[in-house]
Each structure stands twice: as structure tokens, then as C-alpha cells.
Amino acid sequence: MRITYIDNMQQWMEEFTFSVPVTVRFSETDMYGHLNNTVTFAYFEYARIEYLKHVGHMVEWLDPNGKSIPVVADLQCDYMKQVFFDEQLSIYVKAASVGNSSVDIHYMAKNAKGELVFTGRGTIVQIDRTTGKSVPWKSDQKSGFSL
């Protein structure tokens, strides 16, 4: 399977340093016990928010008087292995590239055996809370993504 956003899988995997643990809940599975394919996007959201807190970006965005907020511009997922109820997963997150007001976030999920089960990517854009127009990253925000 060719994943367009990954050039070298081994190198790509080695670049991740941040992860969060997730246990697949019964309500997240179908009648066969498989993880529902829509749930991976909720896992991405959870891991992304934890990552953004980790790099220090959520404080300003959560401030009710703050001027900017992040929005998801696109999101995709590629599935490698089946995932089942009660599996322990690690959801990894990294910034792959940072633009003027956007960041391309990549995701990797591994099971307890260390097997790659799904990957993903998505673009987040920082926008003005009032106008909806993109807002450039401040230098400390940009450097916080540490590529």
C-alpha cells in the first residue's frame, strides 16, 4: 500500500516522539468487534489536542479573550491492520511541516505488539476568531512545533 504523505516509512516512524495511550471501548466497535472506521478520527483529535497542549499552544487558544483558534482543514486515515475491542493502542503525533498559518500533522497508531495499525495526516489552520481569516504563527508558536 502506497501512502502519499510517507516517503520512507522507517524514517517517518522514527521521527515520532509524542504519543498518548488509548484503549478501544466496546461502544467504538461494530458487531464483529472491529474498531469503527470513524473512531480513528476521534483518536486523532484526542492525540492532537494532547500534543498541542504538550507544545504549549492550547493556553492561548482556550482563552475566551484570545484572538485566534485552530481549525481542521482536512483529515485522512489509512488503515493497515484490524483493531478490536479492548486493544491497547498508542497514538503518535508530530508536526510534519509548518506553513505561514498552517501545520501538517501526522499520526501513527501502534498496537501493544508494536504493529502499525493505522496512519493519518491532517492540516490545521490558525484563524482569527472573529473574521475567520488565517492568522500567521508567532515565532514561538512556529518553533514550538519543533520539526
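Per chain, residues are indexed from 1 in the order of the written sequence. In view of the model being predicted, local features appear only for residues whose pLDDT reaches at least 70, and side-chain atom pairs are presented and counted only at 80 or more, with totals across whole chains, interfaces and linings using the full set of residues. Side-chain figures throughout are based on the complete set of non-hydrogen atoms in the structure, without hydrogens or water.

J.: Quick question: what am I supposed to make of the packing of aromatic side chains here?
T.: Pairs of aromatic rings are described using the distance from one ring centre to the other and the angle between the two planes. We call Phe, Tyr and Trp rings a pair once their centres come within 6.5 Å, taking the six-membered ring for Trp, and we label the pair stacked below 30 degrees between planes, edge-to-face above 60, and tilted otherwise. Per the stated rule, a full pass over the model turns up eleven aromatic pairs. Seen from their ring centres, Trp12 and Phe16 are 4.8 Å apart, and the 85° between their planes marks the pair as edge-to-face. Throughout, exposure labels follow a simple rule: accessible area from a 1.4 Å probe, protein chains only, divided by the maximum for the residue type, with under 20% read as buried, over 50% as exposed, and the rest as partly exposed. A relative accessible area of 5% means that Trp12 is categorised as buried. What makes Phe16 buried here is its relative accessible area of 8%. Summarising the aromatic geometry, the rings of Phe44 and Phe118 are spaced 5.9 Å apart at their centres and angled 55° between planes, so their arrangement reads as tilted. Placement of the pair is Phe44 in helix H2 (residues 39–54) and Phe118 in strand S5 (residues 116–128), with a sequence separation of 74 residues. For Phe118, a relative accessible area of 1% gives the class buried. Members of the aromatic cluster, joined through ring pairs, are Phe41, Phe44, Tyr79, Tyr107 and Phe118. Working definition: helices are DSSP H or I runs of at least four residues, strands are E runs of at least two. Numbering for both runs from the N terminus.

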